[in-house]
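Summary of structural features
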Amino acid sequence: VPELGPVRTRAVLAHFGSPEAALRATADQLRGVESVGPKLAERFAAAFRTADPAAEWALVQKHGVRVVPMGHPDYPARLATISDPPALLY
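Here the structure is a predicted model, which means the values were calculated and not measured.

Time to look at the nonpolar core. Counting 14 residues, the largest nonpolar core has Val-12, Phe-16, Leu-30, Val-33, Val-36, Ala-41 and Phe-44 as its most contacted members. Broken down by element, this core gets its largest block of residues, five residues, from helix H4 (residues 38–50). When sequence neighbours within four positions are dropped, the list of residues in contact with Ala-41 reads Ala-27, Leu-30, Arg-31 and Val-36.

Let us look at the packing of aromatic side chains. According to the stated counting rule, one finds one aromatic pair in the structure shown. Taking the centre distance of 6.1 Å and the plane angle of 20 degrees together, the rings of Phe-44 and Phe-48 count as stacked. Placement of both Phe-44 and Phe-48 in helix H4 is noted, with a separation of four residues, approximately one turn of the helix. Residue Phe-44 shares its accessibility class with Phe-48, and that shared class is buried.

With that settled, consider unusual backbone geometry. Phi is positive for Glu-3, close to 70 degrees, though the residue is something other than glycine. Along the polypeptide, Glu-3 turns up in the segment before helix H1 (6–16). A relative accessible area of 44% means that Glu-3 is categorised as partly exposed. If you check the backbone angles, Ser-35 has positive phi at about 75 degrees while not being a glycine. Mapped onto the fold, Ser-35 is located in the loop between helix H3 (27–30) and H4.

Cut-offs and rules
Residues numbered from 1 in each chain as written. Predicted model: local features only at pLDDT ≥ 70, side-chain atom pairs only at ≥ 80, totals over all residues. Heavy atoms only, no water. Core = buried A, V, L, I, M, F, W, Y, C linked by side-chain atoms within 4.5 Å. Buried < 20%, exposed > 50% of the residue type's maximum accessible area, 1.4 Å probe, protein only. Helix = DSSP H or I, 4+ residues; strand = E, 2+ residues; numbered from the N terminus. Contact = heavy atoms within 4.5 Å. Phe/Tyr/Trp six-rings, centres within 6.5 Å; stacked < 30°, edge-to-face > 60°.

Here it is, written out as structure tokens:
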């Protein structure tokens, strides 16, 4: 999702508690997230409505890509200490 970088991703996940809940969020609900104003909330809500996590996961598997989320033992400890670490590594 354009403009949903590491900092906003963490803010959205912290606000909604899970990726599933975030994907169900309306623009009004997304406005309650720190650093997400009205215009971004509309763009994020539209992008979330069209997101297909199952299709993305199928592509990951098809191409043999390994996904390492922050917090996983294989996530580089030093990378996690920067100010805006990526939520996922591929």
